Amino acid sequence: MQIGIFLPTFGAGHRPEFLRAIAKTAEQVGAAALWAPEHVVLTEHYESQYPYAEDGRLPLDPSEGGLGDPFTVLTYLAAVTSRIRLGTGICLVPQRNPVYTAKVVAQLDVLSAGRVDFGVGIGWLEEEFEAVGAPFEQRAQRTRAYLEVMKRLWSAGAASYHTEFYTLRNVYMAPKPVQQPHPPIIFGGESDAALHRVADLGQGWFGWNIAPEQAAERVAALDRLLAARGRRRDELSLTASPYTLPSRDLDAMKRYRDAGIGQVVLLLPISETPDQVRAAIEWLGDNIIVPAARL
């Protein structure tokens, strides 16, 4: 069982010395991956419903202005680490230009020597889409189209693509990713539709705010979808995070393992200084990360 760490890229998490302390300590204690979230802006008033809270509200102060850019953060951390995987958790694919996204994913994969896990999702905050001038409707279909654009740009030769969602005419892009044919595409989301995307296109699944028993049910559903497509579970990486659920001890890690999960991503306690966050990760190393590796 592997343990990943969710990067708190807000507040103190904007500071380089804080992020550096997380990354270096996480690598030292044997964490498998660092996962960087994405919200480019936040707004105080929104009608969209955050799917992981009963009140539908994102548990961040909107006046703090969103989260650090995941690709900038992970590129910085690639320079101060050498082994730990670097994941987007989750890149909001349909609100980004796919050509620029393909470029930054490939560049990060090169600069990190092939350590990128490309976690992707369709997004939920309509007001954020409005802020960046991206359509919210048909975002699931747009995500599939944009990922196909990226895959063509990551492959050899000139890239072309044409659908109602995007047109690309004979362009070349470099660098190409180190991981070929491309970094693993890991779909976030717990719905049936999200699992269909995993089965159709993904090299992994990332379930959020999900307990071991819920993970087991979702993995079983995914198994059925994979079998219908002639695929097997061992072709994918399966990741889950309890988020704020009380499923963070070693017994819970065993239950995630038994559910088929290969990596559990844990949040860190609120910290304000590099020393505080180093101590929190060292505790995880001694009590969760190292013991979980033996499961």
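Anyway, here's the lowdown on the structure attached to this text.

Rules of the game
- All residue numbers refer to positions counted from 1 along the written sequence of the respective chain.
- In keeping with the model being predicted, local features are shown solely for residues with a pLDDT of at least 70 and side-chain atom pairs are shown and tallied solely at 80 or more, while totals for entire chains, interfaces and linings include all residues.
- Side-chain numbers here rest on the full set of heavy atoms in the structure, without hydrogens or water.
- Here, nonpolar core means buried Ala, Val, Leu, Ile, Met, Phe, Trp, Tyr and Cys residues that are tied together by side-chain atoms lying within 4.5 Å of each other.
- Residue exposure (1.4 Å probe, protein chains only): buried if accessible area is under 20% of the type maximum, exposed if over 50%, otherwise partly exposed.
- Pairs of residues are marked as contacts when any of their non-hydrogen atoms sit within 4.5 Å.
- Lines fitted to C-alpha atoms define the axes, with helix axes restricted to the stretch in contact, and inter-axis angles between N-to-C directions lie between 0 and 180 degrees.
- Under the DSSP-based scheme used, a helix requires at least four consecutive residues in state H or I and a strand at least two consecutive residues in state E, with every element numbered from the N terminus.
- When describing relative orientation, an angle under 35 degrees is termed roughly parallel and one over 145 degrees roughly antiparallel, while 65 to 115 degrees is termed roughly perpendicular and anything else oblique.
- Each helix crossing is assigned a hand: it is left-handed if the near helix lies turned anticlockwise from the far helix by less than a right angle, otherwise right-handed if that turn is clockwise.
- Only Asp, Glu, Lys and Arg are considered charged in this grouping, and only Ala, Val, Leu, Ile, Met, Phe, Trp, Tyr, Cys and Pro are considered nonpolar; every other residue, Gly among them, is considered polar.
- Put plainly, a pocket is an open set of points on a 1 Å grid over the protein atoms alone with protein on both sides within 12 Å along at least five of seven lines, a cavity is a set where a 1.4 Å probe fits but cannot get out, and a lining residue has an atom within 4 Å of a point.
- Grid points are joined across faces, edges and corners, and a volume is the space filled by probe spheres set on the points.

It is worth spelling out the nonpolar core at this point. Ranked by internal contacts, the top residues of the largest apolar core, which has 75 residues, are L34 and F118. Once you skip the residues sitting within four places of it in the chain, F118 turns out to touch F71, T88, C91, V93, T101, V105, L147, M150, W154, P184, I185 and I186. Within the second largest apolar cluster, 16 residues are counted, among which are I90, W124, W208 and Y243.

Bringing the packing of helix α2 (residues 70-78) against helix α3 (residues 98-111) into the picture now. A pair of packed helices can be characterised by two numbers: the angle between their axes and the separation between those axes. Packing of α2 against α3 leaves a shortest axis separation of 9 Å and a crossing angle of 15 degrees. When the axis of α2 is compared with that of α3, the two are roughly parallel. In terms of crossing hand, the pair formed by α2 and α3 is left-handed. Packed against α2, whose contacting residues are F71, L74, T75 and A78, the element α3 presents T101, V104, V105, L108 and L111 at the interface. Residues that form the contact of α2 with α3 fall into these classes: 7 nonpolar, 2 polar and no charged.

On to the layout of surface pockets, then. In this structure, the largest pocket encloses a volume near 1,000 Å³. Forming the walls of the largest pocket are 44 residues, and the residues nearest its centre are F6, Y50, Y52, L58 and W208. For the lining of the largest pocket, the elements supplying multiple residues, two or more each, are β5 (116-121), α6 (192-201) and β9 (204-208). Class assignment of the residues belonging to the lining of the largest pocket gives a composition of 28 nonpolar, 11 polar and 5 charged.

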